[in-house]
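Given next are the chains, with one letter for each unit.
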Amino acid sequence: MNGKNFKMDIKVEKSKTVAKLKISVEPKELVEFFNDAYNKLAPGIKIDGFRPGKAPRTITEAAIGHSRLLSEAIDLAINSSYFKTVVEHKLNVVSAPKIVINKYPNFGLTAEEIGAALEYEAEVEFIAEVKLKDYSNIQVEQSEPQKATEEDVEKVLNHFKKQAATFIDKEGAAEKGDHAEINFEGMLKKVRIDAMCSKNHPIIIGENTLIPGFEDHIVGMKVGEKKEFKIKFPKDYHGKEYADKEAEFKIELIALKTIQYPEVDDIFAEKFGHKNPQELKAAIKKNLEEEYKYEFKHQIETKVLDKALPLLEAEIPQALIEKETARMLSEYAGQLQKQGLDFERYISSMKKTSEELKKDMTPQAEKNIKVGLLLGKIIEELKLDPNKQENAQKALDHLIKIATKK
């Protein structure tokens, strides 16, 4: 019966984001749904003594079972009448409906046999009308992308040199610039803290990747030597539970190497696909400036959207926010997996649960949805095809052009 016209009684009650539909399909309209249910199920029924589809209907119905036919017919009637209601009332639904059947019909092939109407309620979340106020006067401060300096280029070169460095076992005392491996154990008030312990921990002494001042205690140590010392965490330490607290550490130096960095010459440049250091530096500078331009454009986009979003009038259904939050969480878990990290262990180390992480992501999820609706309205205004992904960027570029005009 899909696609055919049929009559039904409909009552629609709307709140900001939830629509409650009360739908009644009369017996005479249900007849075709019962026929559709029979035609759908009958071909799969095998009856001894008859070729497939050739048994009398009464025998086939008995084999299928009246309760199964009734259930299938009700499903077909609900699906068809629900979607017909959604289309007629122009509901932009964002969640699956919650269905409650209040009145069941009987099984039958005529309106008289069916007897009662099918009456049910469907609750569904939807996006009401989205409005966008005049955005022609939004404005963001204009600036220029960052330029790559010689210092920036040298930082990249040093990174390349570290990648190509060689390590030589060292006898004697540790110095700044040496590569060391240490075991360490941290305690607060004599209580061992797992998060402050590590084995075979690699560091380059002097790069200050550990607590400020920690690496100074390694200087002068020899392989196999152990040491105990106290150190105070900074007041602004990222782990708030340790900030401004004094800890006791036991450390052991288990390996020590000097680092030999390569000269930046033609041979070094050739490893990165360039003839000489000058060409390599020029390529690094060019790549850095491309990165700076990308970052600059992203910053402008963010500023422009922050100016335009308050002009959007839209109530966001909770179901849509939950769906976007779930997408973000899945994406985050995928990124961790690519880095070789287990999602559950990682968030456990952050002392968070999945639900807490979802809660943290909710404001950004809501913003993502609003950005989509905003760009959708601009796409509509510009008469662009909403199904083409690249048109979202065209809509955003249109906004940027307006916001950065002099």
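Our structure is the block above this text.
All values derive from a computational prediction rather than experimental measurement.

*Asks:* Please clarify how the packing of aromatic side chains should be interpreted in this entry.
*Replies:* Here a ring pair, both rings aromatic, is described through the centre-centre distance and the interplanar angle of the planes. Per the stated rule, a full pass over the model turns up 12 aromatic pairs. Ring centres of Phe 184 and Phe 249 lie 6.3 Å apart, and the angle between their planes is 65°; this geometry places the pair in the edge-to-face category. Taken as a pair, Phe 184 in strand β8 (residues 179–188) and Phe 249 in strand β12 (residues 246–260) lie far apart in primary sequence, 65 residues in all. A relative accessible area of 11% means that Phe 184 is categorised as buried. Judged by its relative accessible area of 2%, Phe 249 falls in the buried class. For the ring pair Phe 268 and Phe 272, a centre distance of 5.2 Å and an interplane angle of 55° mean the geometry is tilted.

*Asks:* Mind showing me how you'd approach the pairing of strand β1 (residues 9–14) here?
*Replies:* The side chains of a regular strand alternate between both faces of the sheet. When β1 meets strand β2 (residues 18–25), the two strands line up antiparallel, connected through six bridges. The residue bridging Val 12 from the neighbouring strand is Leu 21, located in β2. Joining the antiparallel neighbours β1 and β2 is a turn of three residues.

*Asks:* How do you make sense of the environment of Glu 289 when you look at a structure like this?
*Replies:* Looking at where Glu 289 falls in the secondary structure, it is placed in helix α7 (residues 277–308). Note: C-alpha distance between Glu 289 and Pro 145 (144 residues apart in sequence) is 8.1 Å.

*Asks:* Any chance you could explain the packing of helix α8 (residues 318–338) against helix α10 (residues 354–381) here in plain terms?
*Replies:* Axes are the key here: two packed helices are described by the angle between their axes and the distance separating the axes. For the pair α8 and α10, the least separation of the axes is 8 Å and the interaxial angle reads 115°. Judged by the angle between their axes, α8 and α10 are roughly perpendicular. At the point where α8 passes α10, the crossing takes the right-handed sense. Across from Leu 320, Ile 321, Glu 324, Thr 325, Arg 327, Met 328, Leu 329 and Tyr 332 in α8, the residues of α10 making contact are Ser 354, Leu 357, Lys 358, Met 361, Thr 362, Gln 364, Ala 365, Glu 366, Asn 368 and Ile 369. In terms of residue class, the contact of α8 with α10 is made up of nine nonpolar, five polar and four charged.

*Asks:* Would you take a moment to explain the pattern of salt bridges for this structure?
*Replies:* The tally for this structure, following the rule as stated, stands at 26 salt bridges. For Glu 207, the salt bridge identified is with Lys 162, shortest N-O distance 2.7 Å. Here the residue Glu 207 occupies a position in the loop between β10 (198–204) and β11 (226–232), and Lys 162 occupies one in helix α5 (residues 150–163), the gap between them amounting to 45 residues. For Glu 207, a relative accessible area of 37% gives the class partly exposed. Linked through salt bridges whose partners overlap, the residues forming this network are Lys 170, Glu 175 and Asp 178.

*Asks:* Looking at this model, I keep getting lost on the layout of surface pockets. Mind explaining?
*Replies:* Put simply, the largest pocket is a space of about 550 Å³. What lines the largest pocket is a set of 22 residues, among which Ala 195, Met 196, Tyr 237, His 238 and Tyr 242 lie closest to the centre. Among the residues making up the lining of the largest pocket, the classes are represented as 13 nonpolar, six polar and three charged.

*Asks:* Quick question: what am I supposed to make of a negative patch on the surface here?
*Replies:* A grouping of Glu 263, Asp 265, Asp 266 and Glu 270 is seen on the molecular surface, where their side chains present a negatively charged patch. In this structure, Glu 263 sits in the loop between β12 and α6 (266–270).

*Asks:* How do you make sense of α7 when you look at a structure like this?
*Replies:* Along an α-helix, a turn takes 3.6 residues, which lines up residues three or four apart on a common side. For α7, which comprises 32 residues, the first-to-last C-alpha distance of 46 Å matches the rise-based estimate of 46 Å (1.5 Å per residue) to within 8%. Within α7, the full set of buried residues consists of Pro 277, Leu 280, Ala 283, Ile 284, Leu 288, Tyr 292, Phe 296, Ile 300, Glu 301, Val 304, Leu 305 and Ala 308. Buried residues in α7 make contact with α5, α6, β13 (312–313), α10 and α11 (390–403). Capping of α7 at its N-terminal end is provided by Asn 276; its side-chain oxygen lies 3.2 Å from the backbone amide nitrogen of Gln 278.

Parameters at a glance
Residues numbered from 1 in each chain as written. Predicted model: local features only at pLDDT ≥ 70, side-chain atom pairs only at ≥ 80, totals over all residues. Heavy atoms only, no water. Phe/Tyr/Trp six-rings, centres within 6.5 Å; stacked < 30°, edge-to-face > 60°. Helix = DSSP H or I, 4+ residues; strand = E, 2+ residues; numbered from the N terminus. Buried < 20%, exposed > 50% of the residue type's maximum accessible area, 1.4 Å probe, protein only. Pairing = 2+ DSSP bridges. Axes fitted to C-alpha atoms, helices over the stretch in contact; angles between N-to-C directions. Parallel < 35°, antiparallel > 145°, perpendicular 65-115°, else oblique. Left-handed = near helix turned anticlockwise from the far one by under 90°. Contact = heavy atoms within 4.5 Å. Nonpolar A, V, L, I, M, F, W, Y, C, P; charged D, E, K, R; others polar. Salt bridge = Lys/Arg side-chain N within 4 Å of Asp/Glu carboxyl O. 1 Å grid on protein atoms, 1.4 Å probe; cavity = no way out; pocket = protein on both sides within 12 Å on 5 of 7 lines; lining within 4 Å. Points joined across faces, edges and corners; volume = space filled by probe spheres on them. Patch = residues over 30% accessible without salt bridge, like charges linked within 9 Å, V, L, I, M, F, W, Y side chains within 5 Å. Areas by Shrake-Rupley, 256 points an atom, 1.4 Å probe, with all protein chains shown as cover. Lys, Arg positive; Asp, Glu negative; His and termini not counted. Charge placed at Lys NZ, Arg CZ, Asp CG, Glu CD. Expected span 1.5 Å × (residues − 1). Polar contact = N/O pair within 3.5 Å; in protein donor to acceptor, adjacent residues only side chain to side chain.

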